[in-house]
Structure formats: structure tokens, C-alpha cells
Amino acid sequence: MRKARLRNLVIGSVIAIAASSCGGGSGPVAAHSPSPLTGALTQGLIAYMADQGVGVLDPATGKTTIVASMPAGAAFRVAGPVWGPAPGVANPVLYFTIHDDRPAERRTTTGVVPYDWIFRVDPFTGTIQPIAASQDSQSEGPIGLVANSHYVALSVGCCASYEVDALDVTQPLSALKALAKPPAQAAFFTEGAAPGASGLLAVREFGTGTWYWLNADAGVLNPFPLKLGPDDGPIAISPDGTLAAVSLPDHGAVIEPINSGIPLASPSASASASASAAASPHPSPTPSPSTAAPRRVNSSLPHVDGLAWSPDAKQVVLAVNGEVELYSASGADGTPAVKKYLTGGNVSGVDWSAPMPARTAAMLKPSPGPQAIVDALLTATMLPAAADTPAARPQTKVYLWQFDSTSASPIASIADATPAVLAQYAPIPAGVVIHHWAPSASWQLLGGCFRYRVVITGSIAPIASTFGLDGNALCNAPTPRPSSSPRAKASASP
């Protein structure tokens, strides 16, 4: 009985305290929401490419910051930058590509083996990461880099043989997906992407100039909803998917309504045989297209190199005349730019991020830039001196394997390309490239925790080593390599 009275007394006290806090004489307890972050990037950031490198511009203040510096001169040919997500990162990050445009090596001279690269840089941590690399001695590198919150896509190639490759940026790093590759498919130029998590990429066919939606999810073509010319593009689609800003061959850009949902119709009969894929098997119904008339954005401008929408779709940013120019999306033709930035900076590309209320411009941190990573691959793929002679090179054999270094792999200890090893572990095609060696397939080298075991033999006793685009230490090593440490040479086996 005494225990029951004590329990009732305790319960009563708890109820009294709760009543006091909820409606007692002292008044309700206010729930305080977090204070707004001073200087928050509520207007997002404008990314750009200029002479100094990849930078970001705060449209609220006009402050610019280079987040991935480039070497002086014409060492690298760059495409992008574009904003996209990265697994495990709360804020958007920047993707861009480079092509090593330095003098290529010859039989009697030193130089580089030209590679195309895809990089990712987090402007708030100063971390730059190589995504993939591909030896490319034929073209001037990737073009038409586009992105949304699902894919980063690009065109690469030359001489009527342009292919479209895509990277799913919502997943852990994996091989790029070839969406269209001649001669099995038509050659396309990537020109834009539908917003959000859509798989629709706006592409223009080489030769005919016909526009399509290339569906990266289904691997099919759909008709494009706008009647665009063979020399139009690139394009940018507003965040809600209802407006398209299109760069014209000259006279600036035009804004017109667009329906960026998957169309119900099949590709037109005029499409080339190699491009006549079926429509998506499960197309989404789309609303009726708008009848609003197109409107020009300052037709006194020349061709626009890059363009993007503000998060609220009230402004369009252009990379034109080598600078960044902001225009009202509702202004009459000929209305001057609202603002101009980086005059004389040789700006060639722009993209505008979503708002970032948890970030400020003060949090931006420059990265070291890509050159050290690019040069480390050239060092890792150099032939041993004994194999790099006119007599030895034709006899030299290169065997290459890829493995995930987050866990132990028997590939990491391969010392020779014996018949037994080759039967158990199929190598990646690779061969000698003058004073270096290189993989034969496109985008074969991946960053992250992927590592590569290489055995060079034939003209010399077998030499084995391990290297990676993002450093040579294995990710399962006892002491992880700090991300800021210099890239080391390929480590030879003892």
C-alpha cells in the first residue's frame, strides 16, 4: 500500500510538471528554430571555366574563387564545369573534363601521352578526385559535358565517330556507360540534360543535325520536342523542366517552352537507320505543350558558349564574349545584361547550382588542381628503360588487371603473366605507346579505390607494379594515404 501511494505521488508530480510546461502559469515553452546561416548561398553558385581554372561565383556578392587551378598556357583543354551530386556528399560538387594538350612524345623526343580525364572537385573541402582516364591521341578531348542530379554525360571522338558516354553520379564509382557508339549507333553531340533525376539527354546527330532525347535509363531514342537547327546548341533547361534556353549560331540565345517529360511518340521515320531505336517501353504521359512564343535574349550577342538557369528560373547566365553575363529571363530582346563578371577572363563554360542554405562563400576551399594527378599517371605508365629501345619495344608485352583495393585481392600480388595467371585472371587490353604503355579501351582507368596491377615483360624479365589514379596505396592498407598527400610513383613489387 505504501509503495502504491509513493508511485501515485511520482506519477502525479510528472503530470504536474508536464502540465506546467504545456499550459501552466509560466506560459508555453517556445520551440526555437535554428538561426539562418549568415551569408548562406541561397542563390546558389555559378560555376565557370576561365584561364586560371575552374571557379565559382557567388551571385549575391560577385565574389569569385578558383577551386581547381590549371597550369598557365594551353596545357589542358577543358569541358564544363557542371554541377552534380556525389555519393556521401551533402552539397553539390563540380565535374569537369580535361584533355592533355601538351606536346605529345615522339620516337626521338620526350612529351606526354594524351589522356582525357573526368574530375570531380568539392569546392567546400578542397578535394579533387579523378573519376576516369582514357588515352586519346585522335581527338581534342571530350565536348558537350552535361549533367543533372542523375547523370554526367559527354561526347568524345572525332571524324564522324563521336560516342556518348554517361556516368551515374548517384552510385559508387563504376565504369562509364556507352550510350551511343559508332558504328553500331549514330554519332551524337551532347547538348543538354533534362533537370532532376531524369535520364533524358538532349543530343544532336552528327551529319543530319537532327535532335533527339537520348534516354540513358532505357538506352533508347525519343523525338525531341523542339524544332532546333543543325547548328543550334548547347541548351539549358529550367529546374522545373518547362523552359529551354538555346544558344544560336549567332544572335545570342532564345528562350522557348519545352516539355521535358518522356514523350509518347516513337522516333520519326526520318531518323537514320542506326538511330532508329524504339521509344521507351513505358513512356510517361506529359502535359500539353505551352503555346507561349519564343523570346530572344539579346540578339546582338554572338554565339553563346555556355548557358544555365538560376534556381528560380528568373535569370539566365551566359558564357559569351569570354565573360559571364546575367540576363533577366523575361526581359525584352536587347535588354542589357543585369551584371557582367570576369571580363577578359576567357570564360568558356557556366553552370548554376541549386541553393545551398547550409554553405557560405567563406567555406570555399581551393583544391590543388589536376596537374599532379595527370603527371603521376604519365610517370606510372612509363616503360622501363631496358624495354624502351628500338629493338626492345616491338617485343615488349604489357599485361594489365583492375581490382578493388577496399578488400584483399590476389591480383595485387601477380608477379608474372604466366599461362596459369592469364587463364585465371583475364587482363585488360593494353599496349606500348612509344615510351609509355596505355590501356586500349576507352575510359578503362577508374579512380576511387580501384587499383591496377601491371606486368611488363617480353623484351625484359617480368616487372610488376601497382598504381591508381587516386594514389597507389591500397584502400585496405593499415595506414590510409591522406587525400592531400602527393601522388606517388607506381610501386614496384619487391
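Residues numbered from 1 in each chain as written. Predicted model: local features only at pLDDT ≥ 70, side-chain atom pairs only at ≥ 80, totals over all residues. Heavy atoms only, no water.

Engineer: What exactly am I supposed to notice about the overall build of the protein here?
Structural biologist: A tally of helices and strands in the protein yields three helices and 33 strands. When burial is assessed residue by residue, the protein has 48% of its 494 residues classed as buried. Intrachain contacts of the protein at a sequence separation of at least 6 include 57% that bridge at least 24 residues. Counting every atom, the protein has about 22,600 Å² of accessible surface; 58% of that belongs to carbon and sulfur. (Helix = DSSP H or I, 4+ residues; strand = E, 2+ residues; numbered from the N terminus. Buried < 20%, exposed > 50% of the residue type's maximum accessible area, 1.4 Å probe, protein only. Contact = heavy atoms within 4.5 Å. Areas by Shrake-Rupley, 256 points an atom, 1.4 Å probe, with all protein chains shown as cover.)

Engineer: Is there a simple way to explain the sheet that holds strand β17 (residues 235-237) in this structure?
Structural biologist: Pairing between sheet strands relies on hydrogen bonds along the backbone, with the strands arranged either parallel or antiparallel. Here we have four strands laid out as an open sheet, ordered β17-β18-β19-β20, and antiparallel in their pairing. Strands with a single pairing partner mark the edges of an open sheet, and in this sheet they are β17 and β20 (295-297). Recorded for the sheet is a direction-independent mean angle of 25 degrees between the axes of neighbouring strands. In this structure, strand β18 (residues 243-247) lies alongside strand β19 (residues 253-257), joined through five bridges in antiparallel fashion. Bridge assignment links Ser247 to a residue of β19, and that residue is Ala253. (Pairing = 2+ DSSP bridges. Axes fitted to C-alpha atoms, helices over the stretch in contact; angles between N-to-C directions.)

Engineer: Explanation requested: the sheet that holds strand β23 (residues 323-328) in the structure shown.
Structural biologist: Here we have four strands laid out as an open sheet, ordered β21-β22-β23-β24, and antiparallel in their pairing. In this open sheet, the two edge strands, each paired with only one partner strand, are β21 (306-309) and β24 (339-341). Geometrically, the sheet is characterised by an average inter-axis angle of 20 degrees between neighbouring strands, direction not taken into account. The sheet contact formed by β21 and strand β22 (residues 315-320) spans four bridges and is antiparallel. What sits directly across from Ala308, in β22, is Val317.

Engineer: Help me understand the pattern of salt bridges in this model?
Structural biologist: Oppositely charged side chains can form a pair if their charged atoms are brought close together. Under the criterion given, the structure shown has eight salt bridges. For Glu163, the salt bridge is made with Lys181, and the minimal N-O distance between the two is 3.9 Å. Of the two residues, Glu163 sits in strand β11 (residues 163-168) while Lys181 sits in the loop between β12 (177-180) and β13 (188-193), which places them 18 residues apart along the sequence. Relative accessible area serves as the criterion here: at 9%, Glu163 is assigned to the buried category. Two residues, Glu191 and Arg204, come together in a salt bridge whose shortest N-O distance is 2.9 Å. Residue Glu191 is located in strand β13, and its partner Arg204 is located in strand β14 (residues 200-205); the two are separated by 13 residues in the primary sequence. Arg204 carries the same exposure label as Glu191, and that label is buried. Here the salt bridges do not stand alone but share partners, grouping Arg77, Asp101 and Glu140 into one network. (Salt bridge = Lys/Arg side-chain N within 4 Å of Asp/Glu carboxyl O.)

Engineer: Explain the confidence of the model for the protein here, please?
Structural biologist: Per-residue confidence for the protein gives a mean pLDDT of 86, with 83% of residues at or over 70. pLDDT under 50 marks residues 483-489. Its contacts with residues more than four places away, or in other chains, come to eleven contacts. (pLDDT = per-residue confidence, 0-100.)

Engineer: How do you make sense of the environment of His99 when you look at a structure like this?
Structural biologist: In this structure, His99 sits in strand β6 (residues 93-100). The buried category is assigned to His99, whose relative accessible area is 4%. Distance in space between the C-alpha atoms of His99 and Pro114 is 6.9 Å, their sequence separation being 15 residues. Those residues in contact with His99 that sit more than four places away from it in its chain are Ala75, Phe76, Arg77, Pro114, Tyr115, Asp116, Asp136, Ser139, Glu140 and Gly141.

Engineer: Help me out: how do you make sense of the state of the cysteines in this one?
Structural biologist: The term disulfide refers to a covalent linkage connecting the sulfur atoms of a pair of cysteines. Inspection of every chain in the model, using the stated rule, returns one disulfide. Here Cys449 engages in a disulfide with Cys475; their sulfurs sit 2.0 Å apart. What sets the handedness of the Cys449 and Cys475 disulfide is the S-S torsion sign, and at about -95 degrees it is left-handed. Here Cys475 lies in the loop between β32 (463-467) and β33 (491-492) and Cys449 lies in the loop between β30 (445-446) and β31 (450-457), a separation of 26 residues in the sequence. Overall, Cys449 belongs to the partly exposed group, its relative accessible area being 26%. (Disulfide = S-S within 2.5 Å.)

Engineer: What exactly am I supposed to notice about the side chain of His436 here?
Structural biologist: Within the fold, His436 resides in strand β29 (residues 436-439). On the basis of relative accessible area, His436 is assigned to the buried category, the value being 4%. A polar atom in the side chain of His436 sits 2.9 Å from the side chain of Glu105. One polar contact links the side chain of His436 to the main-chain carbonyl oxygen of Leu378, over a distance of 3.1 Å. Ignoring sequence-local partners within four residues, the contact set of His436 consists of Glu105, Gly111, Val113, Leu378, Thr381, Met382 and Leu383. (Polar contact = N/O pair within 3.5 Å; in protein donor to acceptor, adjacent residues only side chain to side chain.)

Engineer: Could you clarify how one ought to interpret the packing of aromatic side chains in this entry?
Structural biologist: Within a pair of aromatic rings, the relevant descriptors are the distance that separates the centres and the angle that separates the planes. Enumeration according to the criterion identifies twelve aromatic pairs in this entry. Within the aromatic cluster, the residues linked to one another by ring pairs are Phe96, Tyr115, Trp117 and Phe119. Over the ring of Phe124 we find Arg359, and its NZ or CZ is 5.6 Å from the ring centre. (Phe/Tyr/Trp six-rings, centres within 6.5 Å; stacked < 30°, edge-to-face > 60°. Lys NZ or Arg CZ within 6 Å of the ring centre and 35° of its normal.)

Engineer: Help me out: how do you make sense of the pairing of β13 in this one?
Structural biologist: Every other side chain in a regular strand lies on the same face of the sheet, so the side chains alternate between the two faces. Judged by how many residues are buried, β13 sits mostly within the fold: six of six residues are covered. The sheet contact formed by β13 and β14 spans five bridges and is antiparallel. Counted as the bridge partner of Gly192 is Ala202 from β14. Count of turn residues in the β13/β14 antiparallel hairpin: six residues, of which Gly196 carries a positive phi of about 70 degrees.

Engineer: Help me understand the pairing of β32 in this model?
Structural biologist: Counting buried residues along β32, four of its five residues qualify, which places the element largely inside the surrounding structure. Two elements, β31 and β32, share five bridges in a ladder whose sense is antiparallel. Of the residues in β32, the one forming a bridge with Ile456 is Ile463. Where β31 hands over to β32, the hairpin turn is made up of five residues, of which Gly458 adopts a positive phi near 95 degrees.

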